[in-house]
Amino acid sequence: MQKTINIKNKKARFEYEFLDTYIAGIVLSGSEIKSIRLGKASITESFCEFNEQGELFVINMQVDEYSHATHFNHRPKAERKLLLKKQELKKLEKEVKNTGLTIIPLNLFVNDRGLAKLKIVLAKGKKLYDKRESIKDRDNKRNLDRLKKSFNN
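Residues numbered from 1 in each chain as written. Predicted model: local features only at pLDDT ≥ 70, side-chain atom pairs only at ≥ 80, totals over all residues. Heavy atoms only, no water.

What's the story with the pairing of strand β5 (residues 56-59) in this structure? I'm lost.
The side chains of a regular strand alternate, residue by residue, between the two faces of the sheet. Residues L56 and V58 point to one face of β5 and F57 and I59 to the other, with burial holding for every one of them. The turn joining strand β4 (residues 47-50) and β5, which pair antiparallel and follow one another in sequence, is formed by five residues; a positive phi near 85° is taken by G54. Examined bridge by bridge, β5 and strand β7 (residues 80-83) share two bridges and lie antiparallel to one another. Bridge assignment links V58 to a residue of β7, and that residue is R80. (Buried < 20%, exposed > 50% of the residue type's maximum accessible area, 1.4 Å probe, protein only. Helix = DSSP H or I, 4+ residues; strand = E, 2+ residues; numbered from the N terminus. Pairing = 2+ DSSP bridges.)

What exactly am I supposed to notice about helix α3 (residues 86-99) here?
The α-helix advances 3.6 residues per turn, and as a result positions three or four apart in sequence lie on the same side. For α3, built from 14 residues, the straight-helix expectation of 20 Å at 1.5 Å per residue is met to within 8% by its first-to-last C-alpha distance of 20 Å. For α3, the set of buried residues is L89, L92 and E93. Viewed along the axis of α3, the buried residues span an arc of 100°, placing them on a single side of the element. For α3, exposure combined with an orientation more than 90 degrees from the buried face picks out Q87, K90, N98 and T99. For α3, the secondary structure elements touched by its buried residues are β2 (16-26), β4, β5, β8 (102-110) and β9 (116-125). Immediately beyond the C-terminal end of α3, within one or two residues, lies G100, with a positive phi of roughly 75°. (Expected span 1.5 Å × (residues − 1). Arc of directions from axis to C-beta. Contact = heavy atoms within 4.5 Å.)

This is the structure we're talking about:
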């Protein structure tokens, strides 16, 4: 078993502009947390959504089935409830409904107490020209690092 679990959503930084971050707990079954502790999860295609009761759920999060579980195993792409304080939920719901922002999972990790946590961000989608700007900045940084390395040698 791995010491630290840190599953990242690498596409999110390229696709969205981050406004506000929150750390939420996740309601999981036994086989789900065991699978996450083995690192068998993915949050690249996932997003968060509110239901009619004002509860926040993560949708499309892939948690592979636990290999040693019996017929009581979980569904890999089930909706999982996120746990936040009431005022945080109300603030997020208001932002999503009024301004059309999105809630994206950024990082899935297990804290020092052994609980699975999800770092979520309130985000605004980038336009095509913003993505081009990000690619240009990344290429310029890579070229600069390459020049520094060749200059030092």
